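# A look at the structure
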Amino acid sequence: MNSPRYDPPATRIVGLGASAGGLEALEQFLGQVPPDSGLAYLVVQHLDPTHKAMLVELLQRACAIPVREAASAERVEPDVVYVIAPNRELTVSGGRLQLQQPSEPRGLRLPIDVLFSSLAHEQGDQAIGVVLSGMGSDGTLGLQAIRGQGGLTLAQQPESAQFDSMPRNAIGTGACDIVATPAELPQHILRFIATRRLKADLSVDNGADAAQSLADILGLLRERGRHDLTQYKPSTLKRRCERRMGVHGLTSLAAYEAFLRENPLELDLLFKEMLIGVTSFFRDPQVWKALREKVLPALLARRQQDVRLRAWVVGCSTGEEAYSLAMVFREVVDALPQPSNWSLQIFATDLSADAIAIARRGCYPRSIAGDVSPERLGRFFSAEGDGYQTQQNIREMVLFTQHNVILDPPFTRLDLLSCRNLMIYFTAPLQQRLLPLFHYALRPGAVLLLGESETVGRSLDLFAPLDGPSRVYLRSASPTVAGFVDFPIQRGLPLRTALQELKLTTPMTHLNNLQGLADQLLLQQFSPPAVLVNEHGDILYISGRTGRYLEPAAGRANWNVHVMAHEAIRTQLAAALRQALREKSSVELQGLKVGETTPGTVDIVVRAVQEPRLLEGMALIVFREVAPSAPRKAQRRLPAGAPDPTLTDELVRSQDELRALRQEMRASAEELQAANEELQSANEELQSANEELTTSKEESQSMNEELQTINSELQAKLDDLALAQSDMQNLLNSTEIATLFLDNALNVRRFTEHMKRIVHLRDGDVGRPLSELASTLIYPQLHEDARETLRTLAFCEKQIPTTDGHWFSVRIMPYRTLANVIQGAVITFIDITAAKNLEGRLRKPRD
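Not measured: the values here are computed from a predicted model. (Residues numbered from 1 in each chain as written. Predicted model: local features only at pLDDT ≥ 70, side-chain atom pairs only at ≥ 80, totals over all residues. Heavy atoms only, no water.)

## Observations regarding the overall build of the protein chain
Across its full length, the protein chain carries 23 helices and 29 strands. When burial is assessed residue by residue, the protein chain has 44% of its 847 residues classed as buried. If you take every contact in the protein chain between residues at least 6 apart in sequence, the share linking residues at least 24 apart comes to 64%. On the protein chain, roughly 44,900 Å² of surface is accessible, and the fraction owed to carbon and sulfur atoms is 52%. (Helix = DSSP H or I, 4+ residues; strand = E, 2+ residues; numbered from the N terminus. Buried < 20%, exposed > 50% of the residue type's maximum accessible area, 1.4 Å probe, protein only. Contact = heavy atoms within 4.5 Å. Areas by Shrake-Rupley, 256 points an atom, 1.4 Å probe, with all protein chains shown as cover.)

Following this line, the structure appears as structure tokens:
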């Protein structure tokens, strides 16, 4: 999440990013910018570093405010568009523009990310970034940086973009607040700013009303996704709500609450807003240096008897920190003096499903080269498309999963736990509750990593500082007191409240009366074992001792009832669970044998939960043990014709076994039916995928034909252009007029063959300054006259002699393009030697 609010900068800046093909989108955007918006606009476009750009002139035609090329150290002024210069990177520092040479070679440059990251650092939550049409993924990381600081992020609607890769990548990461056409984006920006100003002027969200509205919003989020955010800092939650309010032009939390009730999908966007994570590879380099040089080597030395280590990265976001830990561990192990088989299993968790999906792919943009050294890039990454992917051996070290550190059980028996820059968003009571939990999860002598602004507070008896500046702590050897640890299943959260309504458990607190104590004792002693599961069978809560019926499976931890159930009851239990959830009723299984060696049977009741609403859609599984019948004593001799009790007992046992077999057959039939339905569904999906592939193939063929047509048209135009160039060259040569073309810097751009007789020119002299050329002309003022012509745009004509007795009429004129743009000068030399000789003979006095 973001850092504290920034003071408003003197001039608020909008960063615009597009590729070379995004000119039309830039024109549409700037064409809708009013002349008095009070904003400055910085335009970064992917430009050819070897050619002069005409972007300033092109954008000025569509824009109502001045457009000029950015100059280094220039102060940013409102209502001005600044355009990046070719072969430069543009940043902002102290309210002034900064231009630098690109740090990366051509082809690896990401100038839009550079600008956006600079704006995030300079303007904080006042920064605004816009990604328009373009190829690649440039701008995505920059938008994430702006959003992480609380700024506004926008992207062009991909359907309206000529090249949609850049906006699609930005939108795909969830980093965009607003998606619209280029012409609509300026109005969204102005409305967002106006809403913030109006809210600041009205100060409507102060007091009890605002607190109640915020509490109601958190309640809506809890109902929507079963995520409880009440223990996050209110100031952080309020800032996140205010960002979404600005997007929709709302000025109060009460109005936003009403908007949420009418638009449930906004709750999903707000929840993602709450989970904004700012992360990068090897963030805070001094921490990773301490890990590599001191912490991990010492940890390996303490764990000589156990070569398999376990680590937990809490709040891993998109995975950069978890992968960084894997790389550092691999470097430490490879640097050991003797070969070893050390391994590290990293559990990386986050509340955001989108972030976990990105982390699992392990694909990152090329801009990570700024955080990862070239040696690590070459060793731990492979180039993939427009970015990098972590190598498989690094990905296999990390297990990503969605997890709520407040609600879900922790990973245990850990050697290292990293919870960096997460607890700063929690309230102080929650922070103090998590530290004993972390102490419980870590093994003695294990390591705890916290963020730069986080400490263990009053828990110094649990953790001792190992490296103070890096916030690295050593877990103390003192055992964790069970009553002192507030485990997730014991917390006073909505799940426990609902379980109390079901009378499954009572919190271990001091009760106020004798009845409460008695009720608690009865529940502990006589309530049957039970578990609460969701629709997938994942166990959410356990009451009583269920070890006879459920046991963890070998391998990775899996808290699913289908995996943990004893083999003898697994099939029947799965069928009963499906039936109960499907029919929203109770299903009872009787007389199930748990195992051949286990005496007695078990009755299982599976009930679909409908009340309270918080647990709707879940199921309650209750196990009731049935004791085995006591062995009968020796029977007396029975009268003739009386039934034998032994045969009666055997008949009862046979009936019980038959009933159990029938239940198992029913369960197997239901499983087969379900499997058949799944196979049919999979078959339909495969057919649909085949049709989509066929359609895609046809579209690709059509696109290929279009590309071939375009290629033919371009080739025809190139042929026409080559023919026109040949015609022009022949025309110039046939006129026998020496002609010299110069650029704006008075460097040679082109010349005719006749020019070589006057000025000593070769084909390699293209690009040389006029002042360096040697000629036979007696014309020392040629360079000054050419510069004056460029300044005044007035042509100059003079008759100039040469050292070999020739005379030339020299005419200097500005070079105008078809768009009436001056791009240098043209100098023509016409031989007037014969005319001069005739004139001289006519002027001689007659003898």
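Still more ground to cover, so stick around.
## Some details on the pattern of salt bridges
In this structure the tally under the stated criterion is 20 salt bridges. With a closest N to O distance of 2.8 Å, Glu-331 and Arg-376 form a salt bridge. Note that Glu-331 is positioned in helix α12 (residues 320–334) and Arg-376 in helix α14 (residues 374–380), a separation of 45 residues in sequence. The buried category is assigned to Glu-331, whose relative accessible area is 15%. Note that Asp-785 and Lys-798 form a salt bridge whose closest N and O atoms lie 2.9 Å from each other. Note that Asp-785 is positioned in helix α22 (residues 782–792) and Lys-798 in strand β27 (residues 796–801), a separation of 13 residues in sequence. Residue class for Lys-798 comes out partly exposed when judged on its relative accessible area of 34%. Salt bridges linked by common partners bring Arg-68, Glu-74 and Glu-77 together as one network. (Salt bridge = Lys/Arg side-chain N within 4 Å of Asp/Glu carboxyl O.)

## Remarks on the sheet that holds strand β9 (residues 178–180)
Pairing is parallel across the open sheet formed by seven strands, whose spatial order is β3-β4-β2-β1-β7-β8-β9. In this open sheet, the two strands that pair with only one neighbour each are β3 (67–69) and β9. Direction aside, the axes of adjacent strands within the sheet are offset by 20° on average. Alignment of strand β1 (residues 12–18) against strand β2 (residues 39–45), held across seven bridges, turns out to be parallel. Each residue of the ladder has a partner; that of Gly-17, found in β2, is Val-44. Helix α3 (residues 111–123) contacts β1, β2 and β7 (128–131) of the sheet and is inclined by roughly 165° relative to β1. (Pairing = 2+ DSSP bridges. Axes fitted to C-alpha atoms, helices over the stretch in contact; angles between N-to-C directions.)

## Some points on the confidence of the model for the protein chain
Detailed conclusions should not be drawn from predicted coordinates in areas where pLDDT is low. Averaged over every residue, the pLDDT of the protein chain is 81; the share at 70 or more is 85%. Across residues 1–7, where pLDDT falls below 50, the model places 27 contacts with residues more than four positions away in sequence or in other chains. Long-range and interchain partners of residues 632–636, a stretch whose pLDDT sits below 50, account for two contacts in this model, where long-range means more than four residues apart. (pLDDT = per-residue confidence, 0-100.)

## Considering the pairing of strand β19 (residues 472–475)
In the sheet, strand β17 (residues 442–450) pairs with β19 via three bridges, with the strands oriented antiparallel. Counted as the bridge partner of Leu-448 is Tyr-473 from β19. Taking the residues between adjacent antiparallel strands as the criterion, strand β18 (residues 463–467) and β19 are bridged by four residues, where Arg-471 takes a positive phi near 60°.

## Thoughts on the side chain of Asp-284
By the element assignment, Asp-284 lies in the loop between α10 (265–274) and α11 (285–302). Apart from the residues within four sequence positions on either side, Asp-284 is in contact with Arg-420 and Glu-452.

## A closer look at unusual backbone geometry
Positive phi outside glycine occurs at Asp-79, with the angle close to 60°. Take Asp-79: it is sitting in the loop between β3 and β4 (81–83). A residue is classified by how much of its surface remains accessible, and Asp-79, at 19% relative accessible area, is buried. Backbone geometry at Arg-471 places phi at a positive 60°, although glycine is not the residue there. Position of Arg-471 relative to the elements: it lies in the loop between β18 and β19.

## Overview of the sheet that holds strand β24 (residues 619–626)
The antiparallel open sheet is built from five strands, whose spatial order is β21-β20-β24-β23-β22. Sheet topology places β21 (539–543) and β22 (586–592) at the edges, where each strand pairs with a single neighbour. For this sheet, the mean angle separating the axes of adjacent strands, direction not counted, is 15°. Examined bridge by bridge, strand β20 (residues 530–533) and β24 share four bridges and lie antiparallel to one another. Residue pairing across strands places Ala-530 opposite Val-622, the latter belonging to β24.

## Topic: the environment of Ala-574
Note on placement: Ala-574 falls in helix α20 (residues 567–583). Relative accessible area serves as the criterion here: at 7%, Ala-574 is assigned to the buried category. On a C-alpha basis, the gap between Ala-574 and Val-606 in space is 9.9 Å, while along the polypeptide they are 32 residues apart. Aside from chain neighbours lying at most four places away, what touches Ala-574 is His-562 and Glu-671.

## What about the packing of helix α8 (residues 234–248) against helix α9 (residues 253–262)?
Relative to each other, α8 and α9 sit at 70°, their axes nearing to 10 Å. By the angle between their axes, α8 is roughly perpendicular relative to α9. Taken together, the residues of α9 that come into contact with α8 (itself represented by Lys-238, Cys-241, Arg-244, Met-245 and His-248) are Leu-253, Tyr-256 and Phe-259. (Parallel < 35°, antiparallel > 145°, perpendicular 65-115°, else oblique.)

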